[in-house]
Amino acid sequence: MRKARMTMRNNAGNKKIGSRIKQLRKEKSMTQVDLARKLNVSRSCIANWESGQRCPEYPYIKEMAVIFGVPMDYLYGAADHRYNIKIPDYFELDLTLLNELGLDFLGEVYKFLISNEKYRKPKDE
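Because the structure is a prediction, the values reported are computed rather than measured.

### Quick look at the side chain of Arg-25
- Within the secondary structure, Arg-25 sits in helix α1 (residues 11–27).
- Owing to a relative accessible area of 7%, Arg-25 belongs among the buried residues under this scheme.
- Each residue touching Arg-25, except ones within four places of it in the same chain, is listed here: Met-30, Thr-31, Gln-32, Leu-35, Glu-50 and Phe-68.

### Observations regarding the nonpolar core
- The biggest cluster of nonpolar side chains holds 20 residues, and the ones touching the most others in it are Leu-35, Leu-39, Val-41, Trp-49, Met-64, Phe-68 and Leu-75.
- Among the elements that line this core, the one with the most residues is helix α4 (residues 58–68), at five residues.

### Here's the deal with unusual backbone geometry
- Look at Ser-29: it is not a glycine, yet its phi comes out positive at around 55°.
- As for its placement among the helices and strands, Ser-29 is situated in the loop between α1 and α2 (32–39).
- By relative accessible area, which is 66% here, Ser-29 ends up exposed.
- Positive phi outside glycine occurs at Asn-40, with the angle close to 60°.
- Inspection of the secondary structure puts Asn-40 in the loop between α2 and α3 (43–51).

### Regarding the packing of α2 against α3
- Relative to each other, α2 and α3 sit at 110°, their axes nearing to 8 Å. Compared by their axis directions, α2 and α3 come out roughly perpendicular. Along the contact surface, α2 presents Gln-32, Val-33, Leu-35, Ala-36 and Leu-39, while α3 presents Arg-43, Ile-46, Ala-47, Trp-49 and Glu-50.
- Looking at the contact of α2 with α3, its residues break down into seven nonpolar, one polar and two charged.

### Thoughts on α2
- The set of residues buried in α2 consists of Gln-32, Leu-35, Ala-36 and Leu-39. The arc that holds every buried residue of α2, seen down its axis, measures 100°, which confines them to one face. Of the exposed residues in α2, those oriented more than 90 degrees away from the buried face are Arg-37 and Lys-38.

### Some words on the packing of aromatic side chains
- Inspection of the entire model under this criterion finds two aromatic pairs.
- Ring geometry for Trp-49 and Tyr-60: centres 5.4 Å apart, planes at 50°, overall tilted. In this pair, Trp-49 is assigned in helix α3 and Tyr-60 in helix α4, connecting sequence segments eleven residues apart. This pair shows no difference in class: Trp-49 is buried, exactly as Tyr-60 is.
- Their ring planes at 50° and their centres at 6.0 Å tell us that Phe-112 and Tyr-119 sit as a pair that is tilted.
- With a relative accessible area of 46%, Phe-112 lands in the partly exposed category.
- Judged by relative accessible area, Tyr-119 falls into the partly exposed class, the value being 45%.
- Just above the ring of Tyr-74 sits the side chain of Arg-20; from NZ or CZ to the centre is 4.0 Å.

Here is what the cut-offs are and how they apply
Residues numbered from 1 in each chain as written. Predicted model: local features only at pLDDT ≥ 70, side-chain atom pairs only at ≥ 80, totals over all residues. Heavy atoms only, no water. Helix = DSSP H or I, 4+ residues; strand = E, 2+ residues; numbered from the N terminus. Buried < 20%, exposed > 50% of the residue type's maximum accessible area, 1.4 Å probe, protein only. Contact = heavy atoms within 4.5 Å. Core = buried A, V, L, I, M, F, W, Y, C linked by side-chain atoms within 4.5 Å. Axes fitted to C-alpha atoms, helices over the stretch in contact; angles between N-to-C directions. Parallel < 35°, antiparallel > 145°, perpendicular 65-115°, else oblique. Nonpolar A, V, L, I, M, F, W, Y, C, P; charged D, E, K, R; others polar. Arc of directions from axis to C-beta. Phe/Tyr/Trp six-rings, centres within 6.5 Å; stacked < 30°, edge-to-face > 60°. Lys NZ or Arg CZ within 6 Å of the ring centre and 35° of its normal.

Below, the structure written as structure tokens:
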């Protein structure tokens, strides 16, 4: 288990980050122990983050963003949207209608499309 350095930030910021971590962890049906194992930290480290006593450092925020499938801004509390999407104005998409499986599938379709030259814009545009 690696030793997680935890930083003290302002308490309001810690609580926002902590509540987001707890919410996302529960949505994934993970325990604090499960998340701790994925991050290779102690369960008490996760508990300190979730309670707002401490704030995770950047590498842990980055890793949790991947685990939970959300932008780091969402974890930091700087954004209230979970998905980074730029959609032309003529599309009307309400992603809140999709469940987690639907969002995962949408992400896979997007990865396929951008990996295929047939569907991707030229880089000079």
